[in-house]
Amino acid sequence: MIHIDRSMVGLAAATLILAAAGGFVPDWLAFILTLALAKALVVQGVVLQMRAGLVSFGQGLFFCVGGYAVGMGGHFFGINDAPVLLLAGALAAVALAAVLGLLMTRYRDIFFAMLSLALSMILFGVLVKSSELGSTDGFNVHPATFFGLSFKTEAYKTALYLLTVLLAGGGALVLHLVHHSGLGRMWEAIRENEIRVEYLGLSPRWLLYANYLLAAAFAALGGGLTALATGHIDPEMSFWTTSGEFVFIALLGGTSHVAAPMVAAVLFAFVRTYAIEFTPHTWQMILGFVLLGIIVFLPKGLWSLVRSEKRAKA
Amino acid sequence: MTTFYAIFIDGMIYASWLFLVAAGLTVIYGVMRILNMAHGSFYAIGAYCAASMVGWYFSDFDGNPYLSYLLLIGCALVAGLVVGVVIEQGLLRFMYKRNELLMIIITYALLLILEDTTKLAFGVDPYFTYQPYALLGRSDIGGLAFANYDLLLVAVSAIIGLGCWLVLNRTHVGKVLRAVIHDREIAVAMGVNVRLMFAGTFIVGTTLGALAGALTAPSISVSPGIGVEVIVLAFAVVVVGGLGSIEGAIVGALLVGMTRSLAVHLAPQIELFVIYGVMSLVLAVRPQGLFGRTLARKI
Amino acid sequence: MSTPILQTKSLCRSFGAVTAARDLDVTINPGEIVGVIGSNGAGKTTFINMVTGYLPPSSGQILFEGRSILGKPPRAIIRMGMARSFQVAQLFPELTVLENMLIALVAAEGPRPSFFLPMASAKRMRQAKELLAEFGVERFGDSVVSAVPQGARKLIDIAMALISTPRMLLLDEPTSGVSVEEKFGLMDTVMRAVRHHGVTVLFVEHDMEIVERYVSRVLAFYSGEIISDGTPAQVFADEKVRELVIGHGHGTEKKRNMA
Ligand SMILES: Nc1ncnc2c1ncn2[C@@H]1O[C@H](COP(=O)(O)OP(=O)(O)O)[C@@H](O)[C@H]1O
Ligand SMILES: [Mg+2]
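Residues numbered from 1 in each chain as written. Chains lettered and ligands numbered in written order. Predicted model: local features only at pLDDT ≥ 70, side-chain atom pairs only at ≥ 80, totals over all residues. Heavy atoms only, no water.

Undergrad: Just checking my understanding: could you explain the overall build of chain B for this structure?
TA: When its secondary structure is counted, chain B shows 12 helices and four strands. Relative to the 2.2 N^0.38 estimate, which gives 19 Å for 299 residues, the radius of gyration of chain B is 19 Å and therefore close to what a compact globule would have. Along the longest, intermediate and shortest principal axes, the C-alpha atoms of chain B span 60 × 45 × 35 Å. Taken over 299 residues, chain B has a buried fraction of 54%. Within chain B, counting contacts between residues at least 6 apart in sequence, those at least 24 apart form 76% of the total. (Helix = DSSP H or I, 4+ residues; strand = E, 2+ residues; numbered from the N terminus. Rg over C-alpha atoms; globule rule 2.2 N^0.38 Å. Buried < 20%, exposed > 50% of the residue type's maximum accessible area, 1.4 Å probe, protein only. Contact = heavy atoms within 4.5 Å.)

Undergrad: How should the coordination of the magnesium ion (ligand 2) be read in this particular structure?
TA: Ideal values differ by geometry: the angle at a metal is 109.5 degrees with four tetrahedral donors, but 90 or 180 degrees with six octahedral donors. All names here are of chain C. Taken together, Thr45 (OG1) and Gln87 (OE1) make up the protein donors of the magnesium ion (ligand 2), found 1.9 to 2.3 Å from the metal. Highlighted residues: threonine 45 in helix 1 (residues 44–51) and glutamine 87 in the loop between strand 6 (82–84) and helix 3 (97–108), separated in sequence by 42 residues. Judged by its relative accessible area of 15%, threonine 45 falls in the buried class. (Donors = N, O, S within 2.8 Å, 3.2 Å for Na, K, Ca; no water.)

Undergrad: Can you walk me through the nonpolar core in this structure?
TA: Across soluble globular proteins, you tend to see nonpolar side chains buried next to one another. The biggest cluster of nonpolar side chains holds 276 residues, and the ones touching the most others in it are Trp240 of chain A together with Ile37 and Phe203 of chain C. Residue contributions to this core peak at 15 residues, all from helix 2 (residues 27–51) of chain A. Each of two domains, domain 1 (1–81 + 168–175 + 200–259) and domain 2 (82–164) of chain C, supplies a minimum of three residues to this core. When sequence neighbours within four positions are dropped, the list of residues in contact with isoleucine 37 of chain C reads Lys44, Glu205, Met208, Val211, Val218, Leu219, Ala220, Phe221, Val235, Phe236, Val241 and Val245 of chain C. (Core = buried A, V, L, I, M, F, W, Y, C linked by side-chain atoms within 4.5 Å. Domains from an automatic or database assignment.)

Undergrad: In this structure, what is going on with the site of ligand 1? I would like to understand it.
TA: The environment of ligand 1 is formed by Lys298 of chain B together with Phe15, Val18, Ala20, Ser39, Asn40, Gly41, Ala42, Gly43, Lys44, Thr45 and Thr46 of chain C. More than one chain reaches ligand 1: the nearby residues come from chains B and C. Here an oxygen atom of ligand 1 and a backbone polar atom of glycine 41 of chain C are 2.7 Å apart. With respect to ligand 1, the side chain of threonine 46 of chain C contributes an N or O atom lying 2.5 Å from an oxygen atom. Taking 560 Å² as the accessible area of ligand 1 by itself, protein coverage stands at 72%. Looking at the shell around ligand 1, the elements that each hand over two or more residues are strand 2 (18–28) and helix 1 of chain C. When residues of the shell around ligand 1 are assigned to their parent elements, the largest contribution, three residues, is made by helix 1 of chain C. Considering only residue class, the shell around ligand 1 consists of four nonpolar, six polar and two charged. (Near = heavy atom within 4 Å. Polar contact = N/O pair within 3.5 Å; in protein donor to acceptor, adjacent residues only side chain to side chain. Areas by Shrake-Rupley, 256 points an atom, 1.4 Å probe, with all protein chains shown as cover. Nonpolar A, V, L, I, M, F, W, Y, C, P; charged D, E, K, R; others polar.)

Undergrad: I'm lost on the sheet that holds strand 2 of chain C in this one. Help?
TA: The strands making up a sheet associate through hydrogen bonds between their backbones, and the pairing can be parallel or antiparallel. Residues and elements named next belong to chain C. Strand order in the open sheet formed by four strands is 2-1-4-5, with antiparallel pairing between adjacent strands. Every other strand in the sheet has two partners, leaving strand 2 and strand 5 (67–68) as the edge strands with one partner each. Of the strand pairs in this sheet, strand 1 (residues 6–15) and strand 2 are connected by seven bridges, and their pairing is antiparallel. Bridge pairing links leucine 11 to leucine 24 in strand 2. Helix-sheet contacts for helix 1 involve strand 1, strand 2 and strand 4 (59–64), and the interaxial angle to strand 1 is about 115°. (Pairing = 2+ DSSP bridges. Axes fitted to C-alpha atoms, helices over the stretch in contact; angles between N-to-C directions.)

Undergrad: So what exactly am I meant to see when it comes to the pairing of strand 3 (residues 144–147) of chain B here?
TA: On a regular strand, each side chain points to the face opposite its neighbour's, so the side chains alternate between the two faces of the sheet. Sheet topology note: the strand 2 (residues 138–141) of chain B/strand 3 of chain B ladder contains four bridges and is antiparallel. Bridging across to strand 3 of chain B, serine 139 of chain B finds its partner in phenylalanine 146 of chain B.

Undergrad: Got a minute to help me understand the interface of chain B and chain A in this structure?
TA: Taken together, the contact pairs 43 residues of chain B with 41 residues of chain A. Taking both partners together, chain B and chain A bury about 3,900 Å²; carbon and sulfur atoms supply 80% of that area. Its largest share of buried area at the contact with chain A, chain B owes to Leu101, Ile105 and Tyr108 of chain B, together 15% of the area lost on that side. At the junction of chain B with chain A, the criterion picks out zero salt bridges. Inspection of the region where chain B meets chain A yields six residue pairs in polar contact (both at pLDDT 80 or more). Among the elements of the structure, helix 4 (100–122), helix 10 (226–241) and helix 12 (271–285) of chain B are those that each provide at least two residues to the side of chain B that touches chain A. Ranked by residue count, the leading element in the side of chain B that touches chain A is helix 4 of chain B, at 16 residues. For the side of chain B that touches chain A, a count of residues per class yields 32 nonpolar, four polar and seven charged. (Buried area = accessible area lost by both parts, 1.4 Å probe. Salt bridge = Lys/Arg side-chain N within 4 Å of Asp/Glu carboxyl O.)

Undergrad: When you look at the pairing of strand 3 (residues 33–37) of chain C in this model, what are you seeing that I'm missing?
TA: All names here are of chain C. Across the five residues of strand 3, five count as buried, placing the element largely inside the fold. Side chains Ile33, Gly35 and Ile37 of strand 3 all project onto a buried face; the interleaved residues Val34 and Val36 project onto the opposite face, where all are buried too. Both strand 3 and strand 8 (residues 200–204) contribute to a ladder of four bridges, which runs parallel. Counted as the bridge partner of isoleucine 33 is valine 201 from strand 8. Direction of pairing for strand 3 relative to strand 9 (residues 217–222): parallel, over a ladder of four bridges. By the bridge assignment for strand 9, isoleucine 37 is matched with alanine 220.

Undergrad: Explanation requested: helix 11 (residues 246–266) of chain B in the structure shown.
TA: For an α-helix the count is 3.6 residues per turn, leaving residues at separations of three or four pointing the same way. Residues and elements named next belong to chain B. The end-to-end C-alpha separation of helix 11 is 30 Å, in line with the 30 Å expected for 21 residues at 1.5 Å each. Those residues of helix 11 that sit buried are Ile246, Gly248, Ala249, Gly252, Ala253, Val256, Gly257, Arg260, Ser261 and Ala263. Looking at the buried positions of helix 11, the neighbouring elements they touch are helix 1 (2–32), helix 6 (148–170), helix 10 and helix 12. N-cap assignment for helix 11: the residue whose side-chain oxygen lies 2.8 Å from the backbone N of glycine 248 is serine 245. (Expected span 1.5 Å × (residues − 1).)

Undergrad: Where do I start with helix 3 of chain C in this structure?
TA: Residue and element names in this part refer to chain C. Taking 1.5 Å per residue as the helical rise, helix 3 with its 12 residues ought to reach 16 Å, and the 17 Å between its terminal C-alpha atoms agrees with that figure. Counting buried positions along helix 3 yields 11 of 12 residues, so the element is predominantly enclosed. For helix 3, the full list of buried residues reads Val97, Leu98, Glu99, Asn100, Met101, Leu102, Ile103, Ala104, Leu105, Val106 and Ala107. Phi turns positive, to about 150°, at glycine 110, one or two residues after helix 3.

Undergrad: Looking at this structure, how should I read the sheet that holds strand 9 of chain C?
TA: All names here are of chain C. Pairing is mixed across the open sheet formed by six strands, whose spatial order is 6-7-8-3-9-10. Lying at the two open borders of the sheet, with one neighbouring strand each, are strand 6 and strand 10 (225–230). Sheet twist, expressed as the mean angle between neighbouring strand axes with direction ignored, is 15°. Strands in contact with helix 6 (residues 180–197) are strand 3, strand 7 (168–171) and strand 8; relative to strand 8, the strand with the most contacts, it is inclined by about 155°. Its contacts with the sheet place helix 9 (residues 239–246) against strand 3, strand 9 and strand 10, and it is angled at close to 125° to strand 10.

Following this line, the structure appears as C-alpha cells:
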C-alpha cells in the first residue's frame, strides 16, 4: 500500500551515508552535526505546524521538557539509558501536549503564536525559580548508556552521533509518509480553508490536536538529544528566543520537503559557528536580514530553489 | 494591613509600568493589525538613549538636575520618532499586504536586527542612571517608603492612558482611526488616507515604546536583553485585555500588575509563573481577551 | 405521508438590531427541488447557515429527517446526510483541483484519516477524475484552485459537497459570479448530477428564469420572513413578491437583456 518514492530512497541513502561517516569525521564536526540534527527534529515539528497554518513561538516548551526529562531521569530516577530517556521525554511531552492541546487547538494565527510563547515562558518561569533543578544555571546531565552499553569519551560521542542520525533520518522518513497521508494533507486543507474542512465532516480541532501532539514528540526528542550532546540543560531551552530560532530554521528550509529542515539546520549551525567567531555582535542582525530576505524573495524557503531548478531541468 | 498597602501600591506601580510598556503595542495592533515583536526593542532603544544622554548630562555637564527629566523625555521622543519613521518608511510600508502571521515574523526579523544594532551603538556594558530616580526622594505611605519617582510614573501612565483615550474618542483623528479599526475597507471607501494613518500610528507606537524605556531607565540597569524581557510581558498584558484595545490594556495591566504584586509579597517563588498563569486563565475562559471582539467569518 | 427531510419550526435569528430570520416554518419533502428567491440581505444565507449548524438560531426548531440537529456542528450534520455549497466557493485555494477532490474523498471515508497511507491512492485518483469529468471540469485537474475561473470553482464547490453522498443539498447562489452565458450550462450540469444521485435540493437563485426552469416549488424571502411559498407560477403571481422581491432583484432585467 505504501509507495516507496524517490524521496524515501534518497533519505534512507543520506541517513546511511551520514551514519557511515560517523567513523571518520572529526570530533568537532560530529558534535556540530549532532546538535544540528537534533535541532532539525524540533524544526520538523515546527514545520508540521506550519503546514497546518500555525506558527509556534513556544516550541521550546517541549524541547525543554525533552531535555529536562533526560537530565532528571539520570539525576533523580537512576535511568541512564539514552533510548529509554528519550522515550520518557517524548512521552512526557506528549502527555503535557495532550492537556495543553485542549486549549491550544482553539487558537489560530497570532493567538496561537502568542499563547504558545506564553506557555513556554511559564515553564521558563517555573524552572528559573526551582532551586532543586539549578534555577537559571540548570544542571549537568549524566553520561548515558546506549541499549545498556556504555562508551568512553570518543566512542560516546560517536554513539550519540549515530543515534541522532538514525532518529533524524528515521523521523524524516516517517514524516514524509505523514505529509502525504490523508491526515497530513488534511492539515494543509485546514491551513487553506478551515470552514470547508468542517463542512467535509471533519473536526479541525481534532486534526490540529493530533498535529500538536506529534510536533511535541519531535521537539522532545530533539531536546533530549541536545541535552545528551551538550551534557547540560538550563531554562534557556524554554525561553522564547530558542523557539524563535526554530521558527527561523523552519522558514529558512521551507515546508515543502522533509529534508529541508535538516539541510537548513546544518547550514544554520555552520554559519553560526563562523559568524559568532568573526562578528560576535552582528549574528542576530545577519539572521534578521536573512529572514527578511527569505520572506521577500523565497517565501517557500531555500528548498524552493532545489525545486525550481529541478523543474527547469525537466 | 501594611502588607495590604504594600501589595496595593506595588501593584499600582507595576501596573502603571506594564501599561506604559504595552500602550504602544496595543495602539499599533489596534489600528494596523500588526503584533509588533520589535516593540521591546523600541523600549530598549528609548532606555539606552535616555541612559546615555542623562548619564552624560550628569557627569560632563553641570546643569540644573531637574532639567534631566526634560532630557529623558526629549530623548524618548526623538528616538521614537527617528526609529519609527525609518522603519515604517524603509520597511513596513512595503509589507502591509501580508497576513498577520507573516507580520509577526517580519517584526521578529526586525527585533533581531534592532537587538544587534543597539549592541553596536551602545556596547554591551550596562548603563546606570540613578540620578533622576534618586533626586525625587521617598515618601512614607502607611509606614512604608516608596520612591517618589515610581509614584510619579503612576501619574504619567494615567496621563498617557487618558491621552490615548481622549485622542481616540474625542477628536476628529480619533474618529477616523476608529473607522479604520472597525472596518478598513469601508474606511478606504470613505476616502480615509489609510497609509497616512498607518504611518502616524506606527510612529506614535514606537514613540510610546521608547518613552516607556526612557522613563524606566533611571530605575534599572540598562543592559542587552531588556527589550526581549519586556516584549513578553507586554504581550501578556495586551492579550489579557484584548488585542488592540486601550481599555483592555489598562485593565490587563492592572490585573497582571496586582496579581504579580500579590505573588511577590505572598509567594515569591511563583512570581514569574503567575503573570502567564493569569494570561492563560483569562484566555481559557475568554479566548479573545477581556475587551477583544470576535468576528465569525461570513460565508 | 413520509417524514419531511427538512423541517424548521419558528426559526428566528437576529444580529443586533437586524432580524435575519423571523418565525421561519419550512417543510421540505424528500425529492423536492426548491428554489429560494429574495433580494440581498433577505436572510437566505442565514437560513442555510442555521440549518447546517454554522450559526446557532436565536430560537426555534430544526429537524433533519425527523431528528433535531440543534447544537450539532456542521461536521455532524454533514455526516447525517445534509451538505451545502457556498455563495463564494469555499475551496483550498493553493492546492490543485484534483487535490481538493482527493481531500473531500478522504474526508468522506471517515472522521479520522490515516496518518501513513497516502492520500492519492489509485482508487481515489480514479474517483476524483470521474467526478471532475461528471462536472465537466476535468481539464482543470492539475491547476491550483486560485487560478481556475469562477464558474469552474462553483462547480468544484458543489462537487465537493456531493462527495459525502448527502440526501439533501443546499446550494447558496450556485450561479453568482458566473457570466450570464454560462449560467444555464452550469445549472444543467449541477441538476444532472443531483438527479443522478437522487438528492433533495434547495437552491438560492436570483435569476427567475433559472428558478422557473428547474424547481417544483419556490420560497420567497423578504427581510427575514417567508412571504410566499408555492409553485413557481403561484409565487411569481403573488402581488407582494412582485413588489418586494422581483421588483428589487435583477432577474427580470436580465431576462429582458437576454431576450
Ligand atoms: N455574521 C453576521 N453578522 C452580522 N450580521 C449578519 C451576519 N450574517 C448575516 N447578517 C445580516 O443578516 C441579514 C441577512 O443576511 P444574509 O442571510 O446573508 O442575506 P442573503 O443571503 O439573503 O443575502 C443581513 O442584513 C446581513 O447583514
Ligand atoms: Mg446570501
